[in-house]
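Architecture at a glance
What follows is each chain in one-letter form.
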Amino acid sequence: HSVEKEISKAISKNPTLKKLQAQNGIKIKLTTEGLEISLVENETNSELFFKLGSADVRPQARLVLAKLAPILAKTGRKMMVDGHTDARPLRKTDYDNFDLSHDRANAVRRLLITGSCAQDQFIAVRGFAANQLRVPKDPMSFTNRRVTILIPYAFQQPEFSGLPAVVNRESIEGVFKMPKIAPD
């Protein structure tokens, strides 16, 4: 996968990114859905990419995204950005982990756009809260806190809309249903 190689090359050329990857802060892997690039908090530095309980992007994450954006932009491929939290409840009553995970994912999307990705490359920004834990046996583990950029395989993109296959065949990029014009 050439995108994976380009990202790995960019990481290997930057000592800070190289160190983050060695500490499992940056994870790149091919999955059944596509290429997944994750920014993962860790136990030694729980505020590596975001402050606890905040969607404010820290300098480390900004550096990673500044390096990734031109590579992702050049591909022209569609992307999804997913936010995940650990199971710690937030102190605010009107803002929960769904809000936080979505806001973090959206902050990453905005920085990728600032870094040269096109707005129409994004097909979804989702917040999962603590519903897809990396470490299910330890829901409070900081490594459950992450933002993942997914570049779906081209043949799978329509399936990501969550719509039935019949709708996908009538849709644009599998995301928006084409309107049916009723005769006058």
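The following paragraphs examine the structure supplied in this document. None of these values were measured; they are calculated from a predicted model.

A few words now on the overall build of the protein chain. Across its full length, the protein chain carries 5 helices and 7 strands. Tracing the protein chain from N to C terminus, the helices and strands come up as α-α-β-β-α-β-α-β-β-α-β-β. A buried classification covers 43% of the 184 residues belonging to the protein chain. The contacts in the protein chain between residues at least 6 apart in sequence include a share of 67% that link residues at least 24 apart. Surface summary for the protein chain: the accessible area is close to 10,100 Å², and the carbon and sulfur share equals 54%.

With 34 residues, the main nonpolar core has I7, L68, L72, L112 and I149 as its most contacted residues. Excluding its chain neighbours within four sequence positions, the residues that come into contact with L68 are I7, I37, L112 and I149.

Attention now moves to the side chain of D82. By the secondary structure assignment, D82 is in strand β3 (residues 79-84). Apart from the residues within four sequence positions on either side, D82 is in contact with A105, R126, F128, R146, V147 and T148.

We now examine empty space enclosed by the protein. Under the counting rule described, the total for this entry stands at 1 cavity of 30 Å³ or more. When its volume is computed, the largest cavity comes out at roughly 50 Å³. If you go around the largest cavity, the residues you meet are L39, E41, F49, F50, H84, R104, R145, R146 and V147.

So, how was this worked out
Residues numbered from 1 in each chain as written. Predicted model: local features only at pLDDT ≥ 70, side-chain atom pairs only at ≥ 80, totals over all residues. Heavy atoms only, no water. Helix = DSSP H or I, 4+ residues; strand = E, 2+ residues; numbered from the N terminus. Buried < 20%, exposed > 50% of the residue type's maximum accessible area, 1.4 Å probe, protein only. Contact = heavy atoms within 4.5 Å. Areas by Shrake-Rupley, 256 points an atom, 1.4 Å probe, with all protein chains shown as cover. Core = buried A, V, L, I, M, F, W, Y, C linked by side-chain atoms within 4.5 Å. 1 Å grid on protein atoms, 1.4 Å probe; cavity = no way out; pocket = protein on both sides within 12 Å on 5 of 7 lines; lining within 4 Å. Points joined across faces, edges and corners; volume = space filled by probe spheres on them.

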